[in-house]
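What follows is the residue order along each chain.
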Amino acid sequence: MKPIDWKVTAQDGEARTGILQTRRSVIETPVFMPVGTQGTVKGIRPEWLEDELDARIILGNTYHLWLRPGIETIRKLGGLHKFSTWNRSLLTDSGGFQVFSLTDLRKLTEEGVEFSEEILKIIGKIQITSKTNS
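Sequence positions are assigned chain by chain, starting from 1 and proceeding in written order. Given that the model is predicted, a residue must reach a pLDDT of at least 70 before its local features are reported, and side-chain atom pairs must reach 80 or more before they are shown or counted; all residues, however, enter totals for whole chains, interfaces and linings. Just so you know, side-chain values use all the structure's heavy atoms and leave hydrogens and water out.

Draft legend 1. Region of the structure containing the overall build of the protein chain. In this text, helices come from DSSP runs of H or I with a minimum length of four residues, and strands from runs of E with a minimum of two, each type numbered from the N-terminal end. Within the protein chain, the regular secondary structure consists of six helices and seven strands. Ordered by position from the N terminus, the helices and strands of the protein chain form the series β-β-β-α-β-α-α-α-β-α-β-β-α. Contacts are assigned to residue pairs that have any heavy atoms within 4.5 Å of one another. Within the protein chain, residue pairs in contact and separated by at least 24 positions form 49% of the contacts whose partners lie at least 6 positions apart. Areas reported here follow the Shrake-Rupley algorithm with a probe of radius 1.4 Å; residue values treat only the protein chains shown as occluding. Only carbon and sulfur atoms are counted for the fraction: they give 52% of the accessible area of the protein chain, which is about 9,800 Å².

Draft legend 2. Focus on the sheet that holds strand β2 (residues 15-22). An order of β1-β2-β3 is seen for the three strands of this open sheet, with the pairing classed as antiparallel. Of all the strands in the sheet, just β1 (4-12) and β3 (26-29) have a single pairing partner and so form its edges. The mean angle between the axes of side-by-side strands here comes to 15°, regardless of whether they run parallel or antiparallel. Note that β1 and β2 share eight bridges and pair antiparallel. Its bridge partner lying in β2, Lys-7 is registered against Ile-19. For two strands to pair, DSSP has to find at least two bridges joining them. For helices, the fitted axis covers only the stretch in contact; all axes are lines through C-alpha atoms, and the angles between them, taken along N-to-C directions, range from 0 to 180 degrees.

Draft legend 3. Looking closely at the pattern of salt bridges. Here, a salt bridge means any side-chain nitrogen of Lys or Arg that lies within 4 Å of a carboxyl oxygen of Asp or Glu. Per the stated rule, a full pass over the model turns up six salt bridges. One salt bridge connects Arg-45 with Glu-47, and the closest N-O pair in it is separated by 3.2 Å. Throughout, exposure labels follow a simple rule: accessible area from a 1.4 Å probe, protein chains only, divided by the maximum for the residue type, with under 20% read as buried, over 50% as exposed, and the rest as partly exposed. Since its relative accessible area comes to 59%, Arg-45 is described here as exposed. Linked through salt bridges whose partners overlap, the residues forming this network are Asp-54, Arg-56 and Arg-88.

Draft legend 4. Structural view of the environment of Ile-58. Relative to the helices and strands, Ile-58 resides in strand β4 (residues 57-60). On the accessibility criterion, Ile-58 (2% relative accessible area) is buried. In the structure, Ile-58 is positioned 17 residues away from Val-41 in sequence and 7.9 Å away in space, judged by C-alpha atoms. If we ignore the near neighbours within four places in the chain, the residues touching Ile-58 are Met-33, Pro-34, Gly-36, Val-41, Leu-49, Trp-86, Ser-89, Leu-90 and Leu-91.

Draft legend 5. Spatial organisation of the pairing of strand β6 (residues 106-109). Here four bridges tie β6 to strand β7 (residues 112-115), and the two strands are oriented antiparallel to one another. When the sheet's bridge partners are listed, Arg-106 is paired in β7 with Phe-115. Counting the residues that bridge the hairpin from β6 to β7 gives two residues.

Listed below in structure tokens is the structure:
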């Protein structure tokens, strides 16, 4: 089986429906995709998403996952599927929206985007220590 397969099932002008098949689920489009910004949909158990809503896919945000819980935490817990306890498909965006929405907290360079330490301080990724004279 291919990692991802896409088949158009109907078309009317520019509009179309289709079936997206991944290794983990079959997704009929258009689709309702719950947002799990940090890898999990808040306030709803995964079993409810599966059994009651029959959600086939969850959308995560790469930037927010990088901030919290962070790449190392996700890796240590066995990957995003194990971290989120979601066995169906996951879609993560590029995180690129934050490049435009956080203009005061980032700098564009030839190498890419550099976010300021201020955003990392806010979420506790950098601990600030100060020396005091005793």
